[in-house]
Amino acid sequence: MNLPRLKLVSFALCPYVQRARITLLEKEIEHEIEYIDLNAPPPWFFEVSPLEKVPVLLADDRPVFESMVICEYLDEITPGSLHPEDAYARAQNRAWIEFGNDILGHSYTLFTTGEERKFKQTVAVLADRFDILEEQLAHRPYFNGKAFSLVDAVYAPIFRAYEVMNKYFEFDFLEDIPAVLQWWQALLQRASVQQSVPADYIPEMTAYLKRQDSVLSRYMTA
Ligand SMILES: N[C@@H](CCC(=O)N[C@@H](CS)C(=O)NCC(=O)O)C(=O)O
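Rules of the game
- By convention here, each chain's residues receive numbers from 1 onward along its written sequence.
- Reporting of local features is limited, given that this is a predicted model, to residues whose pLDDT is at least 70; pairs of side-chain atoms are given and counted only at 80 or more, and all residues count toward the totals for whole chains, interfaces and linings.
- Hydrogens are left out, water is left out, and the side-chain values use all remaining heavy atoms of the structure.
- Burial classes: relative accessible area under 20% of the type maximum marks a residue as buried, over 50% as exposed, and values in between as partly exposed (1.4 Å probe, protein chains only).
- A run of DSSP states H or I qualifies as a helix once it reaches four residues; a run of E qualifies as a strand once it reaches two. Both are numbered from the N-terminal end.
- Paired strands are those between which DSSP finds at least two bridges.
- Helices are assigned an expected span. That span is 1.5 Å times one less than the residue count.
- Here, two residues are considered to be in contact whenever any of their heavy atoms come within 4.5 Å of each other.
- We count a salt bridge whenever a side-chain nitrogen from Lys or Arg sits within 4 Å of a carboxyl oxygen from Asp or Glu.
- Buriedness for pockets is judged along seven lines, at least five of which must meet protein on both sides within 12 Å for an open set on the 1 Å grid over protein atoms alone, while cavities are sets there where a 1.4 Å probe fits but cannot get out, and lining residues have an atom within 4 Å of a point.
- Grid points are joined across faces, edges and corners, and a volume is the space filled by probe spheres set on the points.
- Each residue is assigned to one of three groups, with Ala, Val, Leu, Ile, Met, Phe, Trp, Tyr, Cys and Pro labelled nonpolar, Asp, Glu, Lys and Arg labelled charged, and all others, Gly among them, labelled polar.
- An automatic or database domain assignment supplies the residue ranges for each domain.
- A simple way to read buried area is as the amount of 1.4 Å-probe accessible surface that goes missing from two parts once joined, with both sides added.
- Here a polar contact means two N or O atoms within 3.5 Å. Within protein one must be a hydrogen donor candidate and the other an acceptor candidate, and residues neighboring in sequence count only if both atoms are side-chain atoms.
- All axes are obtained by fitting lines to C-alpha atoms, using only the stretch in contact for helices, and the reported angles, taken between N-to-C directions, cover 0 to 180 degrees.
- With respect to orientation, any angle under 35 degrees is reported as roughly parallel, any angle over 145 as roughly antiparallel, any angle of 65 to 115 as roughly perpendicular, and every other angle as oblique.
- By convention the crossing between two helices is left-handed if the near helix lies anticlockwise of the far one by an angle smaller than a right angle, and right-handed if it lies clockwise.

> I'm lost on the pairing of strand β3 (residues 56-59) in this one. Help?
Along a regular strand, successive side chains alternate from one face of the sheet to the other. Every second residue of β3 is oriented toward a common face, with Val-56 and Leu-58 on one face and Leu-57 and Ala-59 on the other, all of them buried. Where strand β1 (residues 6-10) and β3 come together, four bridges link them in antiparallel fashion. Paired with Lys-7 across the bridge in β3 is Leu-58. Connecting β3 to the antiparallel partner strand β4 (residues 62-65) that follows it, the hairpin turn spans two residues, and Asp-60 within it adopts a positive phi of roughly 50 degrees.

> Please explain helix α7 (residues 178-189) as it appears in this structure.
Within an α-helix, residues lying three or four positions from one another point in the same direction, as the helix has 3.6 residues per turn. Between the first and last C-alpha of α7 there are 17 Å, a value that for twelve residues agrees with the 16 Å anticipated at 1.5 Å per step. The set of residues buried in α7 consists of Ala-179, Val-180, Trp-183, Trp-184, Ala-186, Leu-187 and Leu-188. Turning to α7, the residues buried within the fold contact α5 (116-136), α6 (150-165) and α8 (191-194).

> Just checking my understanding: could you explain the pattern of salt bridges for this structure?
Think of it this way: side chains of opposite charge can pair up when their charged atoms draw near. Inspection of the entire model under this criterion finds eight salt bridges. With a closest N to O distance of 3.9 Å, Asp-213 and Arg-218 form a salt bridge. Owing to a relative accessible area of 43%, Arg-218 belongs among the partly exposed residues under this scheme. Linked through salt bridges whose partners overlap, the residues forming this network are Asp-102, Asp-128 and Arg-129.

> Help me understand the layout of surface pockets, please; the structure alone is not making it clear to me.
Gaps left between atoms show up when a probe the size of a water molecule is rolled over them. Within this model, the largest pocket holds a volume of roughly 990 Å³. In this structure, the largest pocket is lined by 39 residues; those nearest its centre are Phe-11, Cys-14, Pro-15, Tyr-16 and Leu-38. At the level of secondary structure, the elements contributing two or more residues to the lining of the largest pocket comprise α1 (15-26), α3 (67-76), α4 (87-112) and α9 (201-211). Among the elements that make up the lining of the largest pocket, the one with the highest residue count is α4 (eight residues). Here the residues of the lining of the largest pocket sort into 23 nonpolar, five polar and eleven charged. When residues of the lining of the largest pocket are assigned to domains, at least three map to each of domain 1 (6-76) and domain 2 (87-221).

> Honestly, the domain arrangement of the chain in this entry has me stumped. Any pointers?
Frequently, the measure chosen for interface size is the accessible area that the parts lose on association. Domain annotation for the chain reports domain 1 (6-76) and domain 2 (87-221). The C-alpha centroid of domain 2 is placed 21 Å from the C-alpha centroid of domain 1. Across the domain 1/domain 2 interface, buried area totals approximately 1,700 Å², and carbon plus sulfur atoms make up 65% of it. For the domain 1 face of the interface with domain 2, the top three residues by lost area are Leu-13, Gln-18 and Ile-22, together amounting to 33%. For the pair domain 1 and domain 2, the interface holds two salt bridges. The residue Glu-26 makes a salt bridge to Arg-190 at a minimum N-O spacing of 2.8 Å. The interface formed by domain 1 and domain 2 contains six residue pairs in polar contact (both at pLDDT 80 or more). Listing elements by their share of the side of domain 1 that touches domain 2, those giving two or more residues are α1 and α3. With nine residues, the top contributor of residues to the side of domain 1 that touches domain 2 is α1. A breakdown of the residues in the side of domain 1 that touches domain 2 according to their chemical character gives nine nonpolar, two polar and four charged.

> Is there a simple way to explain the packing of α6 against α9 in this structure?
Each packed pair of helices is defined by two parameters, the angle between the axes and the distance between the axes. Their axes nearest at 10 Å, the elements α6 and α9 cross at an angle of 70 degrees. Judged by the inter-axis angle, α6 sits roughly perpendicular to α9. For the pair α6 and α9, the crossing hand works out as right-handed. From α6, Arg-160, Ala-161, Val-164 and Met-165 reach across to α9, where they touch Tyr-201, Met-205, Thr-206 and Leu-209.

See below:
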């Protein structure tokens, strides 16, 4: 494979970074990874990231931004595909990826809101989202069955973050979604998923959540 020199500009806890890294690992693509401090990014970061967000992929120093664009770019420049071959199935997968982005948005509110009312509302919204996901899951062990795909790469980081929160807060809705939980476990056992974060992810994520002046952080430190 004659690929560009690839560097993934990253933040250690970012779920959007993780999906790109999972894609790199699944497709066995040689790459470098550079973690930056999002609170004090290096000056060059502003030149390569128009929205000042990670991930950014540098391909022969040319930036590609937006995590799903990065995943699809990586998928396209390497043999085989992490998307289904059938166009309709691919469209469905992309729609469920959008749904995953929506879950991530609400999850961020869950991590950060300091208002009890907003926290409860967000738990209710997420319960609804996970119920919808439960209805949708028709295959095992991954979203499309045996073949791991980009939709799996998107949900694995979500489940990993919930795994950390679960130790401190009981999400009642998790009791009624057995298919999601099976998918969750299958993903967390996957080598690419395990290798997509630094070794200290759990303590770092725990510390990050506790640092927020949020309802969740109060549960975590109670
Ligand atoms: N839509 C973007 C979202 C990326 C994103 O929100 N990244 C966060 C870190 S997890 C970030 O860089 N935040 C910095 C900021 O908003 O200033 C993508 O999919 O790449």
